[in-house]
Amino acid sequence: MRSLYSDRRTWLHAVPAGAKLLAIAALGTAFFMIDRPSWLAPGASVVAIAFVSLGRSVRPALRLVVSITVASALVAGFHMVVGQAGIGLVSVLRLMSASLLGVMLAVTTRFDELLDVFETLLRPFERLGFPTGRLALGLGLMLRFTEHFFVQWRRMDDAHRARTGKPGGMALLAPLTVRMLLTARRVADALAARLGG
Amino acid sequence: MVSRDAAPRIRIDGVTLSRGTTTVFRGLSLALTERRIGLIGDNGAGKSSLFRLICGLDAPASGTVEVCGCDVRTGRARLPGLVGLMFQTPDDQIVFPTVVEELAFSLSPTGISRREARARARDFLAQRGLADWADRAVESLSQGQRQHVCLLAMLIAAPRVLLLDEPYASLDLPGQAVLAADIEQAGQQILVSTHVLEHVRHFERVIWIERGAVRADGEGAGVCAAYEADVRARGPRRSAGDPQPEASRHAQLV
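Position numbers for residues count from 1 along each chain, tracking the sequence in the order it is written. Lettering of chains starts at A and numbering of ligands starts at 1, both following the order in which they are written. Totals for whole chains, interfaces and linings use all residues, but because this is a predicted model, local features are given only for residues with pLDDT of at least 70 and pairs of side-chain atoms are given and counted only at 80 or more. Hydrogens and water molecules were not included; the side-chain quantities draw on all heavy atoms of the structure.

Enquirer: Could you give an account of the overall build of chain B, with specific residues and numbers?
Expert: Secondary structure assignment for chain B yields nine helices and ten strands. The buried share among the 254 residues of chain B stands at 52%. Only heavy atoms enter the contact rule, under which two residues are in contact if any of them lie within 4.5 Å. The long-range fraction of contacts in chain B, counting pairs at least 24 apart against all pairs at least 6 apart in sequence, stands at 65%. Calculation of accessible area relied on Shrake-Rupley with a 1.4 Å probe; when residues are assessed, cover is drawn exclusively from the protein chains displayed. If you sum the accessible surface of chain B, you get close to 10,700 Å²; carbon and sulfur atoms cover 51% of it. A run of DSSP states H or I qualifies as a helix once it reaches four residues; a run of E qualifies as a strand once it reaches two. Both are numbered from the N-terminal end. Relative accessibility under 20% of the residue-type maximum defines a buried residue, over 50% an exposed one, and the middle range a partly exposed one, all with a 1.4 Å probe and only protein chains included.

This is the structure in structure tokens:
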């Protein structure tokens, strides 16, 4: 599976995965509860500054960020057309902040650190007989596939540009879905072979 | 190291495997005891399907497959300790974003803690002079290096049998040389499926599979030469799936 993780160490690599997940949960909730642009804008600025502070380690994710920016611009444009510029601004600030937080997590967090957090959180269920290790792996893989999705999309978009000179856009959706399903099956095979599942 | 005397044995007995409307194997039987066995044949001949059978990913419609006495259908939980499969594409096999995590994951069936597994993975890399690989992002590695990580992830789990599916397919010549040396040094029984015949020509046993059946089975040099002669006889546009001329059929060794 492809990944956005960067081995170029940053200050955020040293922050425990649990703290990062907690921060994402808290900030994400706060961003979606606050609907005043005057409060959201400083929060989004802090997130943007944190993202920029990671320097060159975010390079693998830059095209993803550009895509999110384009999507945000479309959302803002739509709201302006229907005369709801304020709601558009709030939506864009929320979308960009949440996305940047997710990208920062992916770029600076190792997968087994996330699994440690999930297993700790799921430990109470272990007493009830749930296979928490497998459950944690499943949750972690869900995040890994999100990363893989964007990296795979980038590669297919590159291939489309090389052959047509134009970005793939929505035309990539069907082949990308098929590719993701095939990857899911192959990864499941690899896990079954390695874990004896 | 697995000694020659304790050589693991793969027994495939009367196996029939179907996929959709296609019968991949019909009554296939093989006893695989040699330390190094090559699998050759055209694309679609059944090499990868044979590997999937041996590591329990595909279940036969009839017949049995045993690895070191363990029935792969009923003993799935024991299989990771007995047999490891290296897939054709490293990206399908590598789940974790860094090398040390990927290697440590291979130790998870042993039940040791993740911290302990990471420590062992670092030691394992250091023993091979690859300590600086531990924290590297897999994404930053070349294709050959990723292939190497896949092999290391299998070796650290120390299964008794390694199945390598087209391991040379995407490697440059230096990468092929490194992988061939790794295979040479490994103590396990190793089965290699490949189109790069140079890497199996010296093997004590090579099996040529054609349309789900054993076309030739014997010492590497002879079987590889027979396969090459058959490909030459078929000409540039024909595959083994097409009807074959009599002369070519007579090249069959078994």
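Continuing now.
Enquirer: Which residues make up the pairing of strand β1 (residues 10-19) of chain B, and what values go with them?
Expert: Taken residue by residue, a regular strand's side chains alternate between the two faces of the sheet. Residues and elements named next belong to chain B. Two strands pair under a simple rule: DSSP has to find at least two bridges between them. Pairing between β1 and strand β2 (residues 22-32): seven bridges, direction antiparallel. Looking at the pairing, R19 lines up with T22 of β2. What sits between β1 and β2 in their antiparallel hairpin is a turn of two residues, with G20 showing a positive phi close to 65°. Looking at chain direction, β1 and strand β4 (residues 62-67) are connected through five bridges and run antiparallel. By the bridge assignment, D13 is partnered in β4 with T64.

Enquirer: Give a detailed account of the interface of chain B and chain A, specifying residues and quantitative values.
Expert: Taken together, the contact between chain B and chain A spans 32 residues of the former and 27 residues of the latter. At the boundary of chain B with chain A, total buried surface from both sides reaches about 2,700 Å², with 49% on carbon and sulfur atoms. Any Lys or Arg side-chain nitrogen found within 4 Å of a carboxyl oxygen on Asp or Glu counts as a salt bridge. For the pair chain B and chain A, the number of links is ten salt bridges. For the side of chain B that touches chain A, the secondary-structure elements that each account for two or more residues are α3 (90-93), α4 (99-105), α5 (114-127) and α6 (143-157) of chain B. By convention, the term buried area covers the 1.4 Å-probe accessible surface removed from two parts as they join, with the contributions of both added.

Enquirer: An account of the layout of surface pockets is needed here, citing residue identities and associated values.
Expert: Residues are said to line a cavity or pocket when one of their atoms sits within 4 Å of a point; the points come from a 1 Å grid over protein atoms alone, cavities being sets where a 1.4 Å probe fits but cannot get out and pockets being open sets with protein on both sides within 12 Å along at least five of seven lines. Grid points are joined across faces, edges and corners, and a volume is the space filled by probe spheres set on the points. In this structure, the largest pocket encloses a volume near 820 Å³. What lines the largest pocket is a set of 36 residues, among which L64, I68, T146, F149 and F150 of chain A lie closest to the centre. Elements represented by at least two residues in the lining of the largest pocket include exactly α3 (62-81), α4 (85-108), α5 (111-126), α6 (132-164) and α7 (173-195) of chain A. The element that contributes the greatest number of residues to the lining of the largest pocket is α6 of chain A, accounting for ten residues. Under the scheme applied, nonpolar residues are Ala, Val, Leu, Ile, Met, Phe, Trp, Tyr, Cys and Pro; charged residues are Asp, Glu, Lys and Arg; polar residues are all the others, including Gly. Looking at the lining of the largest pocket, its residues break down into 23 nonpolar, eight polar and five charged. Put simply, the second largest pocket is a space of about 700 Å³. Mapped onto the lining of the second largest pocket, the elements with two or more residues apiece are α7 of chain A together with β2, α1 (47-54) and β6 (83-86) of chain B. Of all the elements, α1 of chain B adds the most residues to the lining of the second largest pocket, at five residues. Partitioning the lining of the second largest pocket into residue classes produces eight nonpolar, ten polar and ten charged.

Enquirer: I'd love a proper account of the sheet that holds strand β3 (residues 36-40) of chain B, names of residues and values included.
Expert: Two pairing modes exist for strands in a sheet, parallel and antiparallel, and in both the strands are linked by backbone hydrogen bonds. Residues and elements named next belong to chain B. With mixed pairing, the six strands of this open sheet are ordered in space as β6-β7-β8-β3-β9-β10. Single-partner strands in this sheet number two, and they are β6 and β10 (213-218). Strand-to-strand twist in this sheet, taken as the mean axis angle between neighbours without regard to direction, amounts to 15°. One ladder, built from four bridges, connects β6 with strand β7 (residues 161-165); its direction is parallel. Across the sheet, G84 pairs through a bridge with L162, a residue of β7. Axis definition: a line fitted to C-alpha atoms, limited for helices to the stretch in contact. Angles are taken between N-to-C directions and run from 0 to 180 degrees. Packed on one face of the sheet, helix α8 (residues 220-234) meets β3, β9 (205-210) and β10 and runs near 30° to β9.

Enquirer: Provide a residue-level description of α5 of chain B, including the pertinent values.
Expert: An expected span of 1.5 Å times one less than the residue number is assigned to each helix. Taking 1.5 Å of rise per residue, 14 residues should cover 20 Å, and α5 of chain B covers 20 Å from first to last C-alpha, within 8% of that figure. Of all the positions in α5 of chain B, only A117, R118, A121, F124 and L125 of chain B are classed as buried. Taken end-on, α5 of chain B shows its buried residues confined to a sector of 120°, consistent with a single buried face. Residues of α5 of chain B that are exposed and angled more than 90 degrees away from the buried face: R115 and Q127 of chain B. On the buried face of α5 of chain B, the contacting elements are α5 of chain A together with α4 and α6 of chain B. In this description, one arc is meant: the one made by directions from the helix axis to the C-beta atoms.

Enquirer: I'd like to hear about the pairing of strand β8 (residues 189-193) of chain B, residue by residue, with values.
Expert: Residues and elements named next belong to chain B. For β8, the buried fraction is high: five of the five residues fall into the buried class. Here β8 shows two buried faces, one formed by Q189, L191 and S193 and the other by I190 and V192. The pairing of β3 with β8 spans four bridges and is parallel. Across the sheet, the residue bridging to L39 is S193, located in β8. Pairing geometry for β7 and β8, over five bridges, is parallel. Pairing of L164 across the sheet is with V192, part of β8. Where the polypeptide runs from β7 across helix α7 (residues 173-185) and back to β8, its parallel neighbour, the crossover connection is right-handed. Here, the term right-handed applies to a crossover whose path from the first strand over the helix to the second runs clockwise when the strands point away from the viewer.

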